Amino acid sequence: MKKLLITISALMSFSLSAAEAGLTFPDDDLPVLSDDKLIVSQQRGMQVYMNNCMGCHALSFQRYKRTSTDLKIPENVMMENMVFGDEKIGELMTNNMIKEAAANWFGAAPPDLSLISRSRGTKWLYNYMRGFYIDDTRTYGVNNAVFKDVGMPHVLESMQGLQDKSEKVKGLENDIAYAQADLAAANKLLEEGGNAAEAKKTIKAAAKTIEDAEAELIKLSAAGEYFVIVKEGQLNPQEFDTAMADLVNFLDYIGEPIKRERKRLGVWVLLFILGFGILAYYMKKEYWKDIH
Ligand code: HEC
């Protein structure tokens, strides 16, 4: 029993430290929408996608026709307003980007996004799309707080404007960087057999600084004060968040076009199992009546 408890607590502390290591901001949940609202959101998301993403990221597992049917967008409306080449409704949603050339321009080729909602998850995508901020050291002048040093430019700058980390956030990140340097130095001192008491004191203090600063960052992020807009775009922050939720809902649909149908069917399957279970129970009773 004791062993089991030790194992469990070890596992728990491992998962905690793993979560801490992956601390990134923004860290907001994708708002959940119900059926009709979800379809409207996915329709709007498709529009954002076709206008801003399709040139670089194909969705080559999916056909226009299927998308038109599932998202209830009439075929002619879709082909006239969302598809810019001479593609046909029955074709796959591909683009003409040449992978090698793109890899040269951006450092990495833009991947096909057919399955991105499955591999990254919708929460990650929602935060990634809202995570571009000014960073003069990068080729395109922006970095991404969720995907560090990503090769993708901030393609939605005209919509969102430009954001920077707030002064408070920059200060806290500095504190963390210094504390991490202290930690490394103290650990080295320990290894080399230096003053152990001194080193342990430093380690404790640095760990506390990091913990406090991270807690503060989480608070700032939750209060929506992690970033500040330094150049306004066409949308205000709430409108931009909604547009990004739409975009992610569309990618979620693309990642599993059968999802709605699967959920609908699932209910009937469970009802059938329940009904059949009851029937089977009474049949069993009937058959065994004479034996007992
Ligand atoms: C100018 C080309 C370009 C456009 C337009 C573009 N991207 Fe990208 N995107 C890239 C590149 C290049 C990468 C790969 C970056 C890397 O791996 O460093 C990327 C990466 C991504 C990733 C991360 C993929 C991964 O590896 O997990 C996502 C998600 C993404 N883009 C979504 C979008 C969305 C949504 C849009 C439309 C709003 C968009 N991109 C528009 C070039 C582009």
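Keep in mind that this is a model prediction, so the values were computed, not measured. (Residues numbered from 1 in each chain as written. Predicted model: local features only at pLDDT ≥ 70, side-chain atom pairs only at ≥ 80, totals over all residues. Heavy atoms only, no water.)

1. Focus on the coordination of the iron atom of the ligand
Rules: A donor here means an N, O or S atom no more than 2.8 Å from the metal, or no more than 3.2 Å when the metal is Na, K or Ca. Since water is not included, a site may seem to lack partners. Under the classification used here, a metal with four donors is tetrahedral if each angle lies between 85 and 135 degrees, square planar if opposite donors are over 155 degrees apart and the others between 65 and 115, a six-donor metal meeting that same test is octahedral, and anything else is irregular. Where helices and strands are cited, they refer to DSSP runs of H or I of at least four residues and of E of at least two residues respectively, numbered from the N terminus. Relative accessibility thresholds used throughout: buried, under 20% of the residue-type maximum; exposed, over 50%; partly exposed, between the two (1.4 Å probe, protein chains only).
Surrounding the iron atom of the ligand are the protein donor atoms H57 (NE2) and M152 (SD), at 2.0 to 2.1 Å. Taken together, the 6 donor atoms coordinating the iron atom of the ligand span angles of 88 to 178 degrees at the metal, a pattern that classifies the geometry as octahedral. You can see H57 sitting in the loop between α2 (35-52) and β1 (59-63) and its partner M152 sitting in the loop between β4 (142-144) and α8 (157-160), a full 95 residues away along the chain. Here M152 falls in the buried class, since its relative accessible area comes to 19%.

2. Here we look at the environment of D149
To keep it simple, the criterion reads: In what follows, residue pairs with any heavy atoms lying within 4.5 Å of each other are defined as contacts.
Among the structural elements, D149 can be located in the loop between β4 and α8. Separated by 14 residues in sequence, D149 and D135 have C-alpha atoms that sit 9.7 Å apart. Excluding anything up to four places from it in sequence, D149 contacts R138 and N143.

3. Concerning the pattern of salt bridges
Counted only if it meets this: In the sections that follow, a salt bridge refers to a side-chain nitrogen of Lys or Arg positioned within 4 Å of a carboxyl oxygen of Asp or Glu.
Per the stated rule, a full pass over the model turns up 21 salt bridges. Here R264 ties to E261 by a salt bridge, and the two come within 3.0 Å at their closest N and O atoms. Here E261 and R264 lie together in helix α12 (residues 259-288), a separation of 3 residues that amounts to about one turn. E261 gets classed as partly exposed once you look at its relative accessible area, which sits at 34%. Shared partners join several salt bridges into a network, and the residues in it are D27, D29 and K123.

4. Section: the nonpolar core
Side chains of nonpolar character tend, in soluble globular proteins, to be buried together. Which entries qualify depends on this criterion: Residues enter a nonpolar core if they are buried and are Ala, Val, Leu, Ile, Met, Phe, Trp, Tyr or Cys, with the set joined through side-chain atoms within 4.5 Å.
Counting residues in each nonpolar core, the largest one holds 40 residues, and the members touching the most others are M46, Y49, M50, L59, Y64, M244 and F250. Sorting the residues of this core by element identifies α2, α4 (75-81), α7 (122-129) and α11 (237-255) as the ones contributing at least two each. Among the elements that line this core, the one with the most residues is α11, at 10 residues. Setting aside anything within four residues of it in sequence, one finds F250 in contact with Q42, G45, M46, Y49, L59, T67 and L71. Grouped together as the second largest cluster of nonpolar side chains are 11 residues, F25, L172, L217 and F227 included.

5. Concerning a nonpolar patch on the surface
This is how it is decided: Patch definition: residues above 30% relative accessible area lacking any salt bridge, with like charges linked at up to 9 Å and the nonpolar side chains Val, Leu, Ile, Met, Phe, Trp and Tyr linked at up to 5 Å. Calculation of accessible area relied on Shrake-Rupley with a 1.4 Å probe; when residues are assessed, cover is drawn exclusively from the protein chains displayed.
Among the surface-exposed residues, L265, V269, L270, F272, I273, F276, L279, M283, Y287, W288 and I291 lie close enough to one another that they form a single nonpolar patch of about 1,200 Å² accessible area. Within the fold, L265 resides in helix α12. Here L265 falls in the partly exposed class, since its relative accessible area comes to 42%.

6. Concerning the site of the ligand
The criterion, for reference: Nearness is defined per residue: one heavy atom within 4 Å of the molecule or strand is enough. N or O atoms within 3.5 Å of each other form a polar contact, as long as, within protein, one can give a hydrogen and the other can take it, and as long as residues adjacent in sequence are counted only when both atoms are side-chain atoms.
The full set close to the ligand counts 21 residues, and C53, C56, H57, R120 and M152 are the nearest of them. Separating an oxygen atom of the ligand from a side-chain N or O atom of R120 is a distance of 2.7 Å. Contact distances for the ligand include 2.8 Å between an oxygen atom and a backbone N or O atom of G151. Per-element accounting of the shell around the ligand gives the leading share, 3 residues, to α7.

7. Describing the domain arrangement of the protein chain
So the rule is basically this: Per the annotation, domain bounds derive from an automatic or database assignment of domains.
We note that the domain assignment places domain 1 (26-130 + 233-280) and domain 2 (167-225) within the protein chain. Relative placement of domain 1 and domain 2: their C-alpha centres are 41 Å apart.

8. Some details on the environment of K201
By the secondary structure assignment, K201 is in helix α10 (residues 196-222). Through-space distance from the C-alpha of K201 to that of E232 is 46 Å; in sequence the pair is 31 residues apart.

9. Points about the side chain of Q163
Within the secondary structure, Q163 is located in strand β5 (residues 161-165). Of the residues examined, Q163 reaches a relative accessible area of 6% and is grouped as buried. From its side chain, Q163 meets the backbone oxygen of R130 in a polar contact 2.9 Å long. Within the structure, the side chain of Q163 is placed 3.0 Å from the backbone oxygen of F132, a separation counted as a polar contact. Those residues in contact with Q163 that lie beyond four places of it in its chain are R130, G131, F132, Y133, I134, F227, V228, I229 and V230.

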